Amino acid sequence: QVQLVESGGGLVQPGGSLRLSCAASGRIFSIYTMAWYRQAPGKQRELVATITLGGSTSYKNSVKGRFTISRDNAKNTVYLQMNSLKPEDTAVYYCSSRISTVQSMEADDYWGQGTQVTVSS
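For clarity, every value in this text was computed on a predicted model and none was experimentally measured.

S.K.: Please provide a residue-by-residue account of the pattern of salt bridges, values included.
M.R.: Applying the stated criterion across every chain, the model contains 5 salt bridges. Between arginine 38 and glutamate 46 there is a salt bridge, with its nearest N and O atoms 2.7 Å apart. For arginine 38, a relative accessible area of 5% gives the class buried. A salt bridge links lysine 60 to glutamate 46; the nearest nitrogen and oxygen atoms lie 3.2 Å apart. One end of the pair, lysine 60, is in the loop between strand E6 (57-59) and strand E7 (67-72); the other, glutamate 46, is in strand E5 (residues 46-51), and 14 residues separate them in sequence. A cluster of three or more residues bridged by salt bridges with shared partners is formed by Arg38, Glu46, Lys60, Arg66 and Asp89.

S.K.: Could you give an account of the nonpolar core, naming the residues involved and the relevant values?
M.R.: Residues Trp36, Val48, Phe67, Val78, Leu80, Met82 and Tyr93 are the most contacted members of the largest nonpolar core, which totals 27 residues. Of all the elements in the fold, those that place two or more residues in this core are strand E1 (2-7), strand E3 (18-26), strand E4 (28-39), E5, E7, strand E8 (77-82), strand E9 (91-101) and strand E11 (115-119). Other than its neighbours up to four places away in sequence, phenylalanine 67 contacts Arg38, Val48, Tyr59, Leu80, Gln81, Met82, Asn83, Leu85, Asp89 and Tyr93.

Definitions and cut-offs
- Residues numbered from 1 in each chain as written.
- Predicted model: local features only at pLDDT ≥ 70, side-chain atom pairs only at ≥ 80, totals over all residues.
- Heavy atoms only, no water.
- Salt bridge = Lys/Arg side-chain N within 4 Å of Asp/Glu carboxyl O.
- Buried < 20%, exposed > 50% of the residue type's maximum accessible area, 1.4 Å probe, protein only.
- Helix = DSSP H or I, 4+ residues; strand = E, 2+ residues; numbered from the N terminus.
- Core = buried A, V, L, I, M, F, W, Y, C linked by side-chain atoms within 4.5 Å.
- Contact = heavy atoms within 4.5 Å.

Function cannot be read off these values alone, since they describe shape.
Below is the structure:
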């Protein structure tokens, strides 16, 4: 069984910063691409940022230059540093990781429970 647990969400004023964390636990063999998604009320879930096992990153255009995704492979953790936050960044943020387990070498996608980020004055 694999679990992803996010933390770090909250309420922040426009222009402020937050750092999200997502730790994977369980009988993990390897973690491949890790990603952050978000879903605002009434909208579809959208991809925000990804990072490969090798450290290559990609970002949604609207967050480029403001958000930074990183990972600590020793801790099975992915981070999302969010700076210069805007009200339109308000959403529930979810982490997702492609993980193979000790029991099955086939990789599956796992999701966290989500953490609320609210940007408001």
